[in-house]
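The chain contents come next:
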Amino acid sequence: MCGIVGYIGTQQAAPLLVEGLSRLEHRGYDSAGVAVSGSTGLRVAKRAGRVRDLGESLPKRFSGKAGIGHTRWATHGPANDVNAHPHVDGKGTVAVVHNGIIDNAAALRAALTADGVELASDTDTEVLAHLVARSEQATLEDKVAEVLSRIEGTYGVAFLHADFPDRIVVARNGSPLLVGVGEKEMFVASDLAAVVRYTTTVAHLDDGEMATVTSGGFTTYRLDATGPAAIERRAQSVDIDPDAYEAGEHASFMLKEMHEQPVAAESALRGRLDERFGTSHLGGLGLDARDLREIKRVKLLGCGSAYYVGQMGASLIEELARVPADAEAASEFRYRNPIIEPDTLYVAVSQSGETVDTLLAVQEIKRKGGRAIGVVNVVGSAIAREVERGIYLHAGPEVAVASTKALTNMFLAFALLALQLGRVRDLSLAQGKELIAALNELPGQIQQILDTSDAIEPISRRIAEAESLFFVGRVRGFPVAREGAQKLKEISYRHAEAYQTSELKHGPLALISPEVPTVAIVPDDELVERNVAALHEISARGGPLVVVTHPGVDLGDLEERDCARIEVPRSLRSLDPILLTIPLQILAYQAAQSLGLDIDKPRNLAKSVTVE
Ligand code: F6R
């Protein structure tokens, strides 16, 4: 989604802005631009297309030691040069970059037009530049605060003003923004990735806050009805290795992050397993045995892959803890006026912690007096702050749009939660210990699957040739199929539909043909025979098969037909879903690679979806 970067200090801003924007590319964007404040006022360069093209097209004398930059993911108006940010007022006095959506933009645009202002773009953002330029307040802070008080919607914004060349003013409401502290220079960004090469000392703004950033430091304000009121906010040092934001020797971030899964899984489990009592320690949860026993139901809420892994988690929790559990798409939840129960544990699942649909679901739960925890990767993100309690994933930064290692760690977090919930109920000490032993094996088993990547490649190439596919599974295998289809769609643009294997014969079997392969999830569980029988129905209709299964599962004469087999190591049945997911990541990755696609920048998608 859109990205913001800003710089003010002793160096030329433009190269630093372009470099910062290139580090936000993974978030998804369609155009980019920068504005700098120099001796002759503001200068702006922006265009549809890649950041690299923007950098190469900058005029030689594009100088200024303060500047703001933006990558845009179109919401209002098509992706073209004019709609790209920064936006300026008619005289070019004010430049603004904006993440989020202004809900009352149409009314504000109409009022400006009626006042004789000519709007250049189709965007909601442009009004901000005109309104700040027209404000009669004396300081830039007061001008910005006055304009923001008229805005309905969400924003992370950064303003430059030709009459106040010594500062950048930024503000946040629902869209992340941070200030980075350097030596006689300061940075602004919507994501740490943009500035991590220059500083890891940062202050995150909260919703309803504004900051003035000069080369010597920053001042923070709370925006209240009477205007900006100064508040104290200290920058803190973040313990992060800047190399975590580099693809390094890997061809893409997705490949790198897939291969980081064994190490990431170890981090998720580290210090959290109590072998002696066969349970888990989750310090951030703050629930004692009595609280845990009072939980009568668990509801997992997430979007996209976080929803699908939530479905895997729901099966896991029901199976191990015998607490009713289900997962729901967070984006739909609040629109059905949900009944919030006091003894339900609501779990917001989000890698970025910024997905607005999930954040709004949490706010709805809280509004109705419910109890929500988070399963979140990004420390200090909006959802993490909103829930106050939860389980951090410790996956390290996930840069690729397609989620892999964070998803794996979400599953592990659910396993740790299930263990706690189970051990205060009917899960015996022996069963708890058995689960811990199986969890400890998982990182090595994930590695084993990754090591089979070369053998999977011919299958992936074949998959890439199909225009349309099915992914099928049953019970705990069904969310695995959904996640597999999602990954393939996201990065290889093949049409892939996930179905319960048992439902095929109730309709979709009509679509099976030699041109439509089926990827079937067939773990060696209580349903294996029924699953194999369904595969025969597919094969009998000429449908090619890729079966993801366990060693020793007898597929009968299927293997003499058009049927490829991929095996994963055995684990406890309840943990099988995560191991079955790994080959599907590999399939999707290799299919996209064989199609020559840009895997880290899938079309139309963004890493964190901060608009509804
Ligand atoms: C899929 C993917 C998306 C995200 C979804 C939620 O690979 O990455 O479907 O899972 O947008 O994102 P988070 O987890 O950041 O809330």
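Residues numbered from 1 in each chain as written. Predicted model: local features only at pLDDT ≥ 70, side-chain atom pairs only at ≥ 80, totals over all residues. Heavy atoms only, no water.

Here we look at the site of the ligand
- Around the ligand, the structure places 15 residues, and the nearest of them are S350, Q351, S352, T355 and K487.
- Interatomic distance of 3.1 Å between a backbone N/O atom of S305 and an oxygen atom of the ligand.
- Starting from 410 Å² of accessible surface for the ligand in isolation, the protein chains cover 90%.
- Spatially, the ligand is embedded in the second largest pocket.
- Of all the secondary-structure elements, those providing two or more residues to the shell around the ligand are α9 (305–321) and α16 (478–492).
- Counted by class, the shell around the ligand contains 5 nonpolar, 8 polar and 2 charged residues. (Near = heavy atom within 4 Å. Polar contact = N/O pair within 3.5 Å; in protein donor to acceptor, adjacent residues only side chain to side chain. Areas by Shrake-Rupley, 256 points an atom, 1.4 Å probe, with all protein chains shown as cover. 1 Å grid on protein atoms, 1.4 Å probe; cavity = no way out; pocket = protein on both sides within 12 Å on 5 of 7 lines; lining within 4 Å. Sits in = over half its atoms within 2 Å of the grid points. Helix = DSSP H or I, 4+ residues; strand = E, 2+ residues; numbered from the N terminus. Nonpolar A, V, L, I, M, F, W, Y, C, P; charged D, E, K, R; others polar.)

Side note on the pairing of strand β13 (residues 217–224)
- Here 6 bridges tie strand β12 (residues 209–214) to β13, and the two strands are oriented antiparallel to one another. Paired with V213 across the strands is F218, a residue of β13.
- Linking two consecutive strands that pair antiparallel, namely β12 and β13, is a turn of 2 residues.
- The hairpin turn running from β13 into strand β14 (residues 227–231), its antiparallel successor, is 2 residues long. (Pairing = 2+ DSSP bridges.)

A short note on the layout of surface pockets
- The calculated volume of the largest pocket comes to roughly 1,100 Å³.
- Along the wall of the largest pocket there are 45 residues; nearest its centre are L192, V238, Y245, V378 and V379.
- Residue composition of the lining of the largest pocket, grouped by class: 18 nonpolar, 14 polar and 13 charged.
- Built from parts of two domains, the lining of the largest pocket gets at least three residues from each of domain 1 (3–245) and domain 2 (253–450).
- Reported here for the second largest pocket is a volume of approximately 520 Å³.
- If you go around the second largest pocket, you meet 25 residues; those closest to its centre are C303, G304, S305, K607 and V609.
- With 3 residues, α16 is the largest single contributor of residues to the lining of the second largest pocket.
- Taken together, the residues of the lining of the second largest pocket break down into 10 nonpolar, 10 polar and 5 charged.
- Both of domain 2 (253–450) and domain 3 (454–594) provide at least three residues apiece to the lining of the second largest pocket. (Points joined across faces, edges and corners; volume = space filled by probe spheres on them. Domains from an automatic or database assignment.)

Quick word on the nonpolar core
- In this structure, V298, I317 and L439 are the most contacted members of the largest nonpolar core, which totals 123 residues.
- Considering every element that reaches this core, the biggest residue donor is helix α13 (residues 405–423), with 13 residues.
- If sequence neighbours within four positions are ignored, L439 has contacts with L269, L273, L412, A415, L416 and L575.
- By size, the runner-up hydrophobic cluster in this structure holds 26 residues, among which are V96, V117, V169 and Y221. (Core = buried A, V, L, I, M, F, W, Y, C linked by side-chain atoms within 4.5 Å. Buried < 20%, exposed > 50% of the residue type's maximum accessible area, 1.4 Å probe, protein only. Contact = heavy atoms within 4.5 Å.)

Let's talk about the sheet that holds strand β18 (residues 297–302)
- Taken in spatial order, the 5 strands line up as β19-β18-β20-β21-β22 in an open sheet, and their pairing is parallel. Two strands lie at the open edges of the sheet, namely β19 (325–329) and β22 (390–392), each paired on one side alone. Across the sheet, the mean angle separating the axes of adjacent strands is 20° when strand polarity is ignored.
- As judged from the 5 bridges shared by β18 and strand β20 (residues 344–350), these two strands associate in the parallel manner. If you follow V298 over to β20, its bridge partner there is L345.
- Strands β18, β19 and β20 of the sheet are contacted by α9, whose axis makes an angle of about 170° with β19.
- Each of β18, β20, β21 (371–376) and β22 touches α13; the most contacted strand, β20, lies at about 165° to it. (Axes fitted to C-alpha atoms, helices over the stretch in contact; angles between N-to-C directions.)

Brief notes about the packing of aromatic side chains
- Taken as a whole and assessed by the stated rule, the structure comprises 5 aromatic pairs.
- With a centroid separation of 5.4 Å and an interplanar angle of 35°, the aromatic rings of Y307 and Y308 are classed as tilted. Across the pair, exposure class does not vary: Y307 and Y308 are buried alike.
- Between F470 and Y499, the ring centres sit 6.2 Å apart and the planes meet at 75°, which makes this aromatic pair edge-to-face. Here Y499 lies in strand β24 (residues 495–500) and F470 lies in strand β23 (residues 468–473), a separation of 29 residues in the sequence.
- Taken together, the aromatic side chains of Y7, F187 and Y198 make up a single cluster linked through ring pairs. (Phe/Tyr/Trp six-rings, centres within 6.5 Å; stacked < 30°, edge-to-face > 60°.)

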